[in-house]
Amino acid sequence: YSIDSQIYHWTGASFAEFQPIPTHGARDWEHFEIDGAHYLVVANSYDGSSQSIDSQIFRWTGSAFSELQRIPTHGARDWEHFEIDGAHYLVVANNYEGGPH
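For clarity, every value in this text was computed on a predicted model and none was experimentally measured.

J.: Residue-level account of the nonpolar core, with values.
T.: In summary, soluble globular proteins display a tendency toward joint burial of nonpolar side chains. By size, the foremost hydrophobic cluster in this structure holds 8 residues: Phe-32, Ala-37, Tyr-39, Val-41, Ala-43, Ile-57, Ala-76 and Trp-79. In contact with Phe-32, other than residues within four places in its own chain, are Ala-37, His-38, Tyr-39, Val-41, Ile-57, His-81 and Leu-90. Membership of the second largest hydrophobic core comes to 6 residues, among which are Ile-21, Leu-40, Val-42 and Phe-58.

Right, dumping it as structure tokens:
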């Protein structure tokens, strides 16, 4: 369950490995942009013993994605970003809350 997810970069002819990111039962990635800054959020769903684990938000630094924030989630399945009247929101679809899997 704990394994790197991989970001790939377009080289002009094909996609090549760019950056590994440690994830835990990753189910979904969402890219969004706020004021010209690029972000990725991952839905971590299970770490091998629990579905109550953090999902992470990463911010583009100009050369790579760096972890910005952790958010407690419960078997996260999906993230969506949306904007209303200039305000940005993220919504997570949690799937499970309780003890060990």
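J.: Give me the lowdown on the packing of aromatic side chains, citing residues and values where you can.
T.: Within this structure, the stated rule accounts for 7 aromatic pairs. Both rings, one in Phe-82 and one in Tyr-89, keep their centres 5.2 Å apart while their planes meet at 15 degrees; by these two values the pair is stacked. Here Phe-82 falls in the partly exposed class, since its relative accessible area comes to 34%. Put simply, the rings of Phe-18, Trp-60 and Phe-65 touch in pairs and so form one group of aromatic residues.

What counts, and where the lines are drawn
Residues numbered from 1 in each chain as written. Predicted model: local features only at pLDDT ≥ 70, side-chain atom pairs only at ≥ 80, totals over all residues. Heavy atoms only, no water. Core = buried A, V, L, I, M, F, W, Y, C linked by side-chain atoms within 4.5 Å. Buried < 20%, exposed > 50% of the residue type's maximum accessible area, 1.4 Å probe, protein only. Contact = heavy atoms within 4.5 Å. Phe/Tyr/Trp six-rings, centres within 6.5 Å; stacked < 30°, edge-to-face > 60°.

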